[in-house]
Amino acid sequence: MNDANPRGGIRLSRIGPTLAPDPSRVLLRPFRSGNRKGILKKVAEHVMALTPEEVERELSTLNGEFGHRHADLEAFFQARFARVNKAPGIKEELTTARKALIGSYFCHEYSIEAAALFNPSIVKHPDQSNLNPGALRFVLSLRATGEGHISSITFRTGTIEAGNQVSITPPEKPLIEPVRSYPDPIEKTVFTHKLNAMGLLNDWSRNLMAQLPDVFLLQNLQEQVEDKQLGTLTGSGADKSLAKKIRRLAESDCEVVFDPLTSLSQRVLFPFTADQRNGIEDARFVEFHDENGERTFYATYTAFDGKHIRPGLLSTTDFCRFRFIFLVGSGVRNKGMSLFPRKIDGRFVMLSRQDNQNILMMSSCDIQFWENPQVVMAPLNSWEMLKIGTCSSPLETEEGWLVLSHGVGPMRKYGIGAFLLDIKEPSHVLGRLSEPLMEPNESEREGYVPNVLYTCGALLHERHLFIPYAMSDSSTRFAVAELDDVLSSMMR
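Residues numbered from 1 in each chain as written. Predicted model: local features only at pLDDT ≥ 70, side-chain atom pairs only at ≥ 80, totals over all residues. Heavy atoms only, no water.

**Q** So what's going on with the overall build of the protein? Residues and values would help.
**A** A count of helices and strands for the protein gives nine helices and 30 strands. Reported as C-alpha extents along the three principal axes, the dimensions of the protein are approximately 80 × 60 × 45 Å. Counting across all 492 residues of the protein, residues that qualify as buried make up 54%. Here the contacts in the protein between residues at least 6 apart in sequence split such that 62% fall between residues at least 24 apart. (Helix = DSSP H or I, 4+ residues; strand = E, 2+ residues; numbered from the N terminus. Buried < 20%, exposed > 50% of the residue type's maximum accessible area, 1.4 Å probe, protein only. Contact = heavy atoms within 4.5 Å.)

As structure tokens, this is what we get:
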């Protein structure tokens, strides 16, 4: 469908399929009930009273109902039993079947996208083989939100064919989570720098770090925190809070790995660390190339623990092994951090939003540390006066760095805009759209959060700008515009 934005004047085509939430996409997850010890004792006594035939019959019923929906169902049940088996009274040796049946009471299905499938990001797929001439394969990341408004990252793959035709490969099941890759080596110098940047470095924490080798493991840190020989931890609330924050910081830098035999659409990055407890939101993936031409896919995201938000960073080279990187510094706050796809003058460069009212820029020699953000662009037009921020990581063109932005105006209506930065001096704004590139039309304004169009990334292909975008925080579709039209419409 072609439709000129009535205010922007740039002709857009709404194309491709609409990706709607699918409640049948479920993860097998631990179920944590209140009064776990009492419930476990009650469940265990019930299962131990069953005959072997009754146990097998109940497991057979569970396999018949859920076995086709999940891989290794009984293995998951047994793993859950091993985690929760702390109830008094379970003294006799249990059969594998009884353990699995007890464990099943502490499992549940979680529908990752039951509420919404939105805020997409898009990058070129690392595998471009076996395509038609002129076609491009891409990876689409999406924010999936389910029960309790918990957000995770899920993936799709697709292609752009001749005539700007976008197709999405049907997603596969069952869904899986990654496993944590142990051990996670921690460099003491970097970790101490992070402690200092977060205001956690004092006599006690310095003493703690002095006990550790130059490269240590999370287990080493935990052992030292609990070591009474340190002597300076008094047991006060303040000291316990410091120890908890230090452990939480160490746990937040970790690596997770998916089974390489699974498809990308089966993989789900569900909240994994303490600061992500209630969601991993709005990942902005970017294909980053270092000075040697090595490629890494980074994604900035927002971690939410139920009370506080915090920007974080993901990295991967193959979408199978992911590294969570804890960011620190005065520039690490609010939402909407967007990493440039390469270094500029030998430094990483990031756009950010610190106060909702401005877009800022900062640079760093280390991707984990961000300081001294400087204002690059402030709201100018009515449609972005309430709030402004970046949508995409910058896209490199011959004319400059093209960045998609979002603006919020009257009636909390979100529109997507764009601006252009100088290639060599990206703090210099060359131009910006005076009207939104996209606003919600009548078919897009109804949803979980009405009157919102939003994206976390875009892709350039043969001088066309492809934009996957979310409609009212509910579902996702695509739009395409000619790059030259976008650039020529900018107010210089």
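**Q** Explain the sheet that holds strand S18 (residues 338-339) residue by residue, including any values.
**A** Read across the sheet, four strands follow the order S18-S19-S20-S21 without closing on themselves; strand pairing throughout is antiparallel. Single-partner strands in this sheet number two, and they are S18 and strand S21 (374-377). Strand direction decides the pairing type here: strand S19 (residues 348-352) and strand S20 (residues 359-364), joined by five bridges, are antiparallel. When the bridges of S20 are listed, Met 350 appears paired with Met 362. (Pairing = 2+ DSSP bridges.)

**Q** Before we move on, can you summarise the pattern of salt bridges with the specific residues and values?
**A** Enumeration over the complete set of coordinates arrives at 22 salt bridges. Several salt bridges converge on common partners, so that one network encompasses Arg 143, Glu 281, Asp 282 and Lys 335. (Salt bridge = Lys/Arg side-chain N within 4 Å of Asp/Glu carboxyl O.)

**Q** Help me get a handle on the packing of helix H2 (residues 52-66) against helix H3 (residues 73-84), residues and values and all.
**A** Interaxial distance between H2 and H3 falls to 10 Å at its minimum, and their mutual angle equals 120°. In terms of their interaxial angle, H2 and H3 are classed as oblique. Here H2 contributes Leu 59, Leu 62, Asn 63 and Phe 66 to the contact with H3, which in turn contributes Leu 73, Glu 74 and Phe 77. (Axes fitted to C-alpha atoms, helices over the stretch in contact; angles between N-to-C directions. Parallel < 35°, antiparallel > 145°, perpendicular 65-115°, else oblique.)

**Q** A description of the packing of H3 against helix H4 (residues 96-104) should follow, citing residues and the corresponding values.
**A** To describe two helices that pack against each other, one gives the angle between their axes and the distance between the axes. Contact geometry of H3 with H4 gives a least axis separation of 7 Å together with a crossing angle of 80°. By the angle class used here, H3 and H4 are roughly perpendicular. Facing H3, whose interface residues are Glu 74, Phe 77, Gln 78, Arg 80 and Phe 81, H4 presents Thr 96, Lys 99, Ala 100, Ile 102, Gly 103 and Ser 104. Grouping the amino acids of the contact of H3 with H4 by side-chain chemistry returns four nonpolar, four polar and three charged. (Nonpolar A, V, L, I, M, F, W, Y, C, P; charged D, E, K, R; others polar.)

**Q** Describe unusual backbone geometry, naming the residues involved and giving the relevant values.
**A** Cis geometry marks the peptide bond from Lys 173 to Pro 174; its omega dihedral reads 0°. Structurally, Pro 174 can be placed in the loop between strand S8 (165-168) and strand S9 (179-180). Look at Asn 130: it is not a glycine, yet its phi comes out positive at around 55°. Along the chain, Asn 130 falls in the loop between strand S5 (116-124) and strand S6 (136-145). For Asn 451, which is not a glycine, the phi torsion comes out positive at approximately 65°. For Asn 451, the location among the structural elements is in the loop between strand S26 (429-432) and strand S27 (453-454).

**Q** Please provide a residue-by-residue account of empty space enclosed by the protein, values included.
**A** Considering all chains together, one arrives at four cavities of 30 Å³ or more under this definition. Computed from the structure, the largest cavity encloses a volume of approximately 50 Å³. Residue lining of the largest cavity: Asp 282, Arg 284, Thr 300, Tyr 301, Thr 302, Pro 311, Gly 312, Asn 334, Lys 335, Gly 336 and Met 337, and that is the complete set. Counting residues per element, the ones that place at least two in the lining of the largest cavity are strand S14 (279-289), strand S15 (295-304) and strand S16 (309-316). The dominant element in the lining of the largest cavity, judged by the number of residues it contributes, is S15, at three residues. Among the residues making up the lining of the largest cavity, the classes are represented as three nonpolar, five polar and three charged. (1 Å grid on protein atoms, 1.4 Å probe; cavity = no way out; pocket = protein on both sides within 12 Å on 5 of 7 lines; lining within 4 Å. Points joined across faces, edges and corners; volume = space filled by probe spheres on them.)

**Q** Summarise a positive patch on the surface; cite the residues concerned and give the values.
**A** There is a patch of like positive charges on the surface, built from Arg 32, Arg 36, Lys 37 and Arg 83. Tracing the chain through its elements places Arg 32 in the loop between strand S3 (26-30) and helix H1 (36-48). (Patch = residues over 30% accessible without salt bridge, like charges linked within 9 Å, V, L, I, M, F, W, Y side chains within 5 Å. Areas by Shrake-Rupley, 256 points an atom, 1.4 Å probe, with all protein chains shown as cover. Lys, Arg positive; Asp, Glu negative; His and termini not counted. Charge placed at Lys NZ, Arg CZ, Asp CG, Glu CD.)

**Q** So, the layout of surface pockets: which residues are in play, and what are the values?
**A** In this structure, the largest pocket occupies an estimated 1,300 Å³ of space. Secondary-structure elements contributing two or more residues to the lining of the largest pocket are S3, H3, strand S4 (107-111) and S9. Taken together, the residues of the lining of the largest pocket sort by class into 20 nonpolar, five polar and ten charged. Along the walls of the second largest pocket sit 22 residues, with Lys 245, Arg 248, Ala 274, Asp 275 and Asp 305 positioned nearest its centre. Elements that contribute at least two residues to the lining of the second largest pocket include exactly helix H8 (237-252) and S16. In terms of residue count, the dominant contributor to the lining of the second largest pocket is H8 (eight residues).

**Q** Please provide a residue-by-residue account of the pairing of S6, values included.
**A** With ten of ten residues buried, S6 is to be regarded as a mostly interior element. Every second residue of S6 is oriented toward a common face, with Leu 136, Phe 138, Leu 140, Leu 142 and Ala 144 on one face and Arg 137, Val 139, Ser 141, Arg 143 and Thr 145 on the other, all of them buried. The pairing of S5 with S6 spans seven bridges and is classified as antiparallel. Residue Ile 122 lies in a different strand from S6, and its bridge partner there is Leu 140.

**Q** For the environment of Ser 472, give the residues involved together with the corresponding values.
**A** As for its position among the elements, Ser 472 is in the loop between strand S29 (464-471) and strand S30 (475-482). Through-space distance from the C-alpha of Ser 472 to that of Val 452 is 4.5 Å; in sequence the pair is 20 residues apart. What Ser 472 contacts, discounting residues up to four positions off in sequence, is Glu 444, Arg 445, Glu 446, Gly 447, Tyr 448, Val 449, Pro 450, Asn 451 and Val 452. From its side chain, Ser 472 meets the backbone nitrogen of Asn 451 in a polar contact 3.5 Å long. (Polar contact = N/O pair within 3.5 Å; in protein donor to acceptor, adjacent residues only side chain to side chain.)

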